[in-house]
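# Structural description and commentary
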Amino acid sequence: MLQFIDKLAISFAPLAKNARSARTFLYQVTADRHREANPKLVLAVTQNDAVRRPMIEVLYRDKTKLSLDCSNLKVADIVKDVGKHAKKLQLEEDIKSSS
């Protein structure tokens, strides 16, 4: 999933209850196996108590942008939403390479 993402910006209030999914997603994408998939990934993290709603902004390789308000999402929903466009890019790359 991360190999098709150029930039990932995650902002949340570190102690807010509604930021749990954003914190967990951040923990998952910083795991070594995910970082090795795309070492060029730019990861911008903003942890500030002034942040009202946890947000994740994704810039894909094809310059498509995705913004997610994570206050009411579970981690599985975030992964699904972020991965949806990445799967489309993977399919396009597979079609190009098989031709």
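Residues numbered from 1 in each chain as written. Predicted model: local features only at pLDDT ≥ 70, side-chain atom pairs only at ≥ 80, totals over all residues. Heavy atoms only, no water.

### Brief notes about the overall build of the chain
Quick note on the threshold: Helix and strand labels come from DSSP, where a helix needs a run of H or I of at least four residues and a strand needs a run of E of at least two; each type is numbered from the N terminus. Note that the radius of gyration is over C-alpha atoms, with the globule rule given as 2.2 Å times the number of residues to the power 0.38. Think of it in three bands: residues with accessible area under 20% of the maximum for their type are buried, residues over 50% are exposed, and the middle band is partly exposed, with areas taken using a 1.4 Å probe on protein chains only. In what follows, a contact means two residues having at least one pair of non-hydrogen atoms within 4.5 Å. All accessible areas in this document rest on Shrake-Rupley with a 1.4 Å probe, and a residue is counted as covered only by the protein chains that are shown. By the counting scheme adopted, Arg and Lys are positive, Glu and Asp are negative, and His together with the chain ends is not counted. Charge coordinates come from a single atom per side chain, which is NZ of Lys, CZ of Arg, CG of Asp or CD of Glu.
A count of helices and strands for the chain gives three helices and four strands. When the elements of the chain are put in sequence order from the N terminus, they spell out β-α-α-β-β-β-α. A globule of 99 residues ought to have a C-alpha radius of gyration of about 13 Å, and the chain, at 14 Å, matches this closely. Considered along the principal axes of its C-alpha atoms, the chain spans approximately 50 × 25 × 20 Å. Out of the 99 residues in the chain, the part that is buried amounts to 32%. Nonlocal contacts in the chain, meaning residues at least 24 apart in sequence, comprise 65% of its contacts between residues at least 6 apart. Within the structure as shown, the chain displays about 6500 Å² of accessible surface, and the carbon and sulfur contribution to it stands at 51%. For the chain, the distance from the average site of its 18 positive side-chain charges to the average site of its 12 negative ones is 5 Å.

### Digging into the nonpolar core
Formally: Throughout, nonpolar core names a set of buried Ala, Val, Leu, Ile, Met, Phe, Trp, Tyr and Cys residues whose side chains join them through atoms within 4.5 Å.
Ranked by size, the top nonpolar core spans 21 residues in total, and within it Leu8, Ile10, Phe25, Ile56 and Val82 carry the most contacts. Residue assignment for this core shows that the elements contributing at least two residues are strand S1 (5-12), helix H1 (20-29), strand S3 (55-60) and helix H3 (75-98).

### Topic: the confidence of the model for the chain
Selection criterion: A score between 0 and 100, pLDDT records how confident the predictor is in each residue.
Here the chain averages 91 in pLDDT, while 100% of its residues score no lower than 70. Looking over the chain, one finds the lowest element-wise mean pLDDT in helix H2 (residues 32-37), namely 81, and the highest in S3, namely 96.

### Observations regarding unusual backbone geometry
One non-glycine residue, Lys63, lies in positive phi territory at about 70°. One can find Lys63 in the loop between S3 and strand S4 (65-69). Here Lys63 falls in the exposed class, since its relative accessible area comes to 56%.

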